[in-house]
Amino acid sequence: MKFSGTNVLVTGGSRGIGAEICKTLADFGLKVWINYRSKPELADALKDEIEKNGGKAAVVKFDASNEDEFIEAINLIVQTDGELGYLVNNAGITNDKLALRMKTEDFMSVIDANLKSAFIGSREALKVMSKKRFGSVVNIASIVGEMGNAGQTNYAASKGGMIAMSKSFAKEGASRNIRFNCITPGFIQTEMTEVLSQDVKDAYVTNIPLKRLGDPKEVANSVAFLLSDYASYITGDVLKVNGGLYM
């Protein structure tokens, strides 16, 4: 794939899908800024792995839901590299409970970590990318934001809001040649799914037309496509990576 930009910031990039996104984008020649909030050893190990494979990487610690920390990190990246070419808003959490038992703080904690963080990142990226009139942002939403899920009212609201927000950012960024798109992963093989029993996994797979869970690499390749010049006429879109579970 072809990239006109030189670097990318991936929030929540030290583990799971985020780590796979970092490795894939580094393989395509981008300098990857790996964001983490805790466990620096994971981010450092990923940086070492990328560099051993011939890629370029840097580690930056901040809480993506903290406005001041996010802005400071983006300023650091621009000061260091001269630009921020791409942003992947991947950081997020879950805090599952049935709605009847969900406290307001349970709801807002997920909104802050998932939706507010993506807003801050998208807004600040739009500011710095506007100076070069080039850039691309991919927000990692979820199939849950499209179809809902019992016990995940907060998560569904955060991811559904991310989809709507990305479309609005796309309208504002288009005149500056800055694109905003979303990925909505379905059930992907990660640390979260590894702890599920085989019976539960089999129940999920039964409803997936492709009859398997997704691989993080399949999400990462989709992110790379939307960021790349190959997707230069795509903005405000939602790319479903779910094996056909929700069409």
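All values reported here derive from a predicted model rather than from experimental measurement.

Our focus in this paragraph is the UniProt feature "domain: Ketoreductase" (unreviewed entry) in the protein. UniProt records the feature "domain: Ketoreductase" (unreviewed entry) at residues 6–186, using the numbering of this structure. Secondary structure content for residues 6–186 is 51% helix and 19% strand, and the end C-alpha separation is 29 Å.

Here we take up the nonpolar core. Counting residues in hydrophobic clusters, the biggest one holds 32 residues, and the most contacted among them are Leu-9, Phe-62, Phe-70, Leu-84, Met-129 and Phe-180. Those elements that place two or more of their residues in this core are strand E3 (56–61), helix H3 (67–81), helix H4 (104–130), helix H6 (153–173) and strand E6 (178–185). Looking at which element gives the most residues to this core, the answer is H4, with eight residues. When neighbours within four sequence positions are excluded, Leu-84 is seen to be in contact with Asn-7, Leu-9, Ile-74, Ile-77, Val-78, Ala-125, Val-128 and Met-129. Counting residues in each nonpolar core, the second largest holds 31 residues, with Ala-19, Ile-21, Tyr-86 and Ile-140 among its members.

What follows is about unusual backbone geometry. For Lys-39, which is not glycine, the phi torsion reads 55° and is therefore positive. One can find Lys-39 in the loop between strand E2 (31–36) and helix H2 (40–52). Its relative accessible area of 43% is what places Lys-39 among the partly exposed residues. Positive phi outside glycine occurs at Asn-177, with the angle close to 65°.

Reading guide: rules and limits
- Residues numbered from 1 in each chain as written.
- Predicted model: local features only at pLDDT ≥ 70, side-chain atom pairs only at ≥ 80, totals over all residues.
- Heavy atoms only, no water.
- UniProt positions renumbered as here; feature names shortened; annotations may be inferred.
- Helix = DSSP H or I, 4+ residues; strand = E, 2+ residues; numbered from the N terminus.
- Core = buried A, V, L, I, M, F, W, Y, C linked by side-chain atoms within 4.5 Å.
- Buried < 20%, exposed > 50% of the residue type's maximum accessible area, 1.4 Å probe, protein only.
- Contact = heavy atoms within 4.5 Å.

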